[in-house]
Amino acid sequence: MTGDTDSVWGLQEHLTAAVIDELRVANWQRANEGVKESKQTKPPKPLSRPGVGGGRDKNSPERVAKRKAALTRAADRRRAIAAGEIS
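Here the structure is a predicted model, which is why all the values come from computation and not from measurement. Position numbers for residues count from 1 along each chain, tracking the sequence in the order it is written. Totals for whole chains, interfaces and linings use all residues, but because this is a predicted model, local features are given only for residues with pLDDT of at least 70 and pairs of side-chain atoms are given and counted only at 80 or more. Where side-chain values are given, they derive from all heavy atoms of the structure, hydrogens and water being excluded.

S.K.: Now, about the overall build of the protein chain: what can you tell me, with residues and values included?
M.R.: Along the backbone of the protein chain there are two helices and zero strands. Burial status follows relative accessibility: with a 1.4 Å probe on protein chains alone, a residue under 20% of its type maximum counts as buried, one over 50% as exposed, and anything between as partly exposed. Looking at the protein chain as a whole, 9% of its 87 residues are labelled buried. By the convention used here, residues are in contact when the closest approach between their heavy atoms is within 4.5 Å. Relative to all contacts within the protein chain whose residues are 6 or more apart in sequence, the contacts with residues 24 or more apart total 35%. Counting only carbon and sulfur atoms, one obtains 56% of the accessible surface of the protein chain, whose full area is about 7600 Å². Secondary structure elements are defined from DSSP: runs of H or I of at least 4 residues count as helices, runs of E of at least 2 residues count as strands, and each element is numbered from the N terminus. The accessible surface values rely on the Shrake-Rupley method and a 1.4 Å probe; as for residues, cover is taken only from the protein chains in view.

Okay, structure coming up:
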């Protein structure tokens, strides 16, 4: 699959992944047809897609930047309180 370097998929990549997922499930169903449920293999998991499901990575650039900004705001507020600018 082709994708951007920033790991964001376009519509074509998502559609291709959806087709691949459907084919994997169909092949799994064919392979387990007529097999007792206790003897069947586990169904395949869908392909992981960037930006879909699973939440964001804790160390994604956006979250790191937000944490740094929050720490900076807190430090500025503490300095202002210590200087008596705000109460």
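S.K.: I'd like to hear about the side chain of asparagine 32, residue by residue, with values.
M.R.: Tracing the sequence through the fold places asparagine 32 in the loop between α1 (11-31) and α2 (61-83). Apart from residues lying up to four places away in sequence, asparagine 32 is in contact with Gln40 and Thr41.

S.K.: I'd like a rundown of the pattern of salt bridges, residues and numbers included.
M.R.: Pairs may arise between side chains of opposite charge once their charged atoms sit close together. One side-chain nitrogen of Lys or Arg within 4 Å of one carboxyl oxygen of Asp or Glu is enough to make a salt bridge. Counting across every chain of the model gives two salt bridges. With a shortest N-O distance of 3.9 Å, arginine 24 and aspartate 21 are connected by a salt bridge. You can see arginine 24 and its partner aspartate 21 sitting in helix α1, three residues apart, about one turn around the helix. Overall, the relative accessible area of 32% leaves arginine 24 in the partly exposed class. Note that aspartate 76 is salt-bridged to arginine 79, the shortest N-O span being 2.7 Å. In this pair, aspartate 76 and arginine 79 both sit in helix α2, three residues apart, roughly one turn of the helix. Taking relative accessible area as the criterion, arginine 79 reaches 53% and is therefore assigned exposed.

S.K.: Can you break down a positive patch on the surface residue by residue, with the values?
M.R.: A surface patch of positive charge is lined by Lys58, Arg63, Lys66 and Arg67. For lysine 66, a relative accessible area of 57% gives the class exposed. Without a salt bridge and with relative accessible area above 30%, a residue can belong to a patch; like charges are then joined within 9 Å and nonpolar side chains (Val, Leu, Ile, Met, Phe, Trp, Tyr) within 5 Å. Neither His nor the chain ends contribute to the count of charged residues, in which Lys and Arg are positive and Asp and Glu negative. Working definition for charges: the position is that of NZ of Lys, CZ of Arg, CG of Asp or CD of Glu.

S.K.: A description of α2 should follow, citing residues and the corresponding values.
M.R.: A helix's residues, less one, multiplied by 1.5 Å, set its expected span. Relative to the 33 Å expected for 23 residues at 1.5 Å per residue, α2 spans 33 Å between its end C-alpha atoms, a close match to the ideal helical length. Once α2 finishes, glycine 84 follows within two positions and takes phi at roughly 80°, a positive value.

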